[in-house]
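Single-letter residue listing:
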Amino acid sequence: MNKHEYNKMIRGELYDPRDPYLRDLMTKQHALMDAFNESDRTDHATQNKLLEELLGQYHGESSHIRRPFFVDYGINITIGKHFFANYNCTMLDVAPITIGKNVMFGPNVSLNTPEHPLSAAERNMGLEFARPITIEDNVWIGASVTVIGGVTIGQGAVIAAGAVVTKDVPANTVVGGIPARVLKTIENC
C-alpha cells in the first residue's frame, strides 16, 4: 500500500485525508475502537487486549480508559504507565500524541491534533494538517478540557476543568480559562 499521504500527515504537512490507505487504516482502527466501546465493562482482559492493539503503546496492566473512547487512528498514540482516562475521552491522533506516566484525565477531555488551512482554496480541496501533542509525566487534566495541536504540557502541571489549552504549559503550574493561562505555580513538587 502507498503510505505517501500517511507520511505527510505524520510530518505535519498538508495531506489528503480521503487517501485510500488512510481510509482503510481508519476503518480497521475504528473497528477496534468500536469493539472496545461495546465490550463488557467487567472484562478488563479483553479491553486491555483491544487497547493494546488499537494504540501505539498502552500499558493495560497499570492503566485504565473508561468507555466511550474515541480516536482517529489510535496507532499514533503513545501512553505511559499508570494512565487513567475518565468517560468520553477523545484523542484525534492525526499527528502523534505522547502521554507520559502517572497522567490522569477527567471526563470529556479532548486532544485535537488536526487542523484545517486558513486558505479557503486549500480547505475546499479537502486538505488538512496536524501538529503533535505531548503531555509529560504526573499531569492532571480536569473535566472538559480541550488541548489543541502543537502543545506540550510540562511535568506536574494541572489543567483546570473547562480550559482550552492553545500554547505550551510550564511544568508544575496550574492553568485554566479560555484560552488557558497560568493561574499559579505548584510548590513542593
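See the structure printed just above.
Presented here is an overview of the structure given in this document. (Residues numbered from 1 in each chain as written. Predicted model: local features only at pLDDT ≥ 70, side-chain atom pairs only at ≥ 80, totals over all residues. Heavy atoms only, no water.)

## Things to note about the pairing of strand β17 (residues 173-176)
Part 1 of the reasoning: Neither face of β17 is open: one carries T173 and V175, the other V174 and G176, and all of them are buried.
Part 2 of the reasoning: What sits between the antiparallel neighbours β17 and strand β18 (residues 181-185) is a turn of four residues, in which G177 has the positive phi angle 100°. (Buried < 20%, exposed > 50% of the residue type's maximum accessible area, 1.4 Å probe, protein only. Helix = DSSP H or I, 4+ residues; strand = E, 2+ residues; numbered from the N terminus. Pairing = 2+ DSSP bridges.)

## A few points about the packing of helix α2 (residues 20-38) against helix α3 (residues 44-54)
Part 1 of the reasoning: One way to put it is that α2 packs onto α3 with a least axis distance of 9 Å and a crossing angle of 160°. Considering their axes alone, α2 and α3 lie roughly antiparallel with respect to each other. Taken as a pair, α2 and α3 cross one another with a handedness that is left-handed. Between α2, through Q29, L32, M33, A35 and F36, and α3, the contact on the second element is made entirely by Q47, L50, L51, E53 and L54. (Axes fitted to C-alpha atoms, helices over the stretch in contact; angles between N-to-C directions. Parallel < 35°, antiparallel > 145°, perpendicular 65-115°, else oblique. Left-handed = near helix turned anticlockwise from the far one by under 90°. Contact = heavy atoms within 4.5 Å.)

## Observations concerning the pairing of β18
Part 1 of the reasoning: In terms of strand pairing, β17 meets β18 through four bridges, oriented antiparallel. Considered in β18, the bridge of T173 is made with T185.

## Regarding the environment of R11
Part 1 of the reasoning: Residue position: R11 is located in helix α1 (residues 4-11).
Part 2 of the reasoning: Residue R11 is classed as exposed on the basis of its relative accessible area of 52%.
Part 3 of the reasoning: In the structure, R11 is positioned 119 residues away from A130 in sequence and 8.2 Å away in space, judged by C-alpha atoms.

## Some thoughts on α2
Since the α-helix packs 3.6 residues into each turn, any two residues three or four apart lie on the same face.
Part 1 of the reasoning: The end-to-end C-alpha distance of α2, which contains 19 residues, comes to 27 Å, matching closely the 27 Å that a straight helix rising 1.5 Å per residue would cover.
Part 2 of the reasoning: For α2, the secondary structure elements touched by its buried residues are α1, α3, β1 (64-65) and β2 (69-71).
Part 3 of the reasoning: Its side-chain oxygen placed 3.1 Å from the backbone nitrogen of Y21, D19 serves as the N-cap of α2. (Expected span 1.5 Å × (residues − 1). Polar contact = N/O pair within 3.5 Å; in protein donor to acceptor, adjacent residues only side chain to side chain.)

## Comments concerning the nonpolar core
Part 1 of the reasoning: Grouped together as the largest cluster of nonpolar side chains are 38 residues, with contacts concentrated most on M91 and F105.
Part 2 of the reasoning: Looking at this core, the elements with two or more residues in it are α2, α3, β2, β3 (77-79), β5 (89-92), β6 (97-99) and β11 (133-135).
Part 3 of the reasoning: When sequence neighbours within four positions are dropped, the list of residues in contact with M91 reads F69, F70, V71, D72, I77, I79, F83, I97, I99, F105 and L111.
Part 4 of the reasoning: Of all hydrophobic cores here, the second largest spans 10 residues; its members include Y6, L22, Y73 and A130. (Core = buried A, V, L, I, M, F, W, Y, C linked by side-chain atoms within 4.5 Å.)

Honestly, it's all geometry; don't read function into it.
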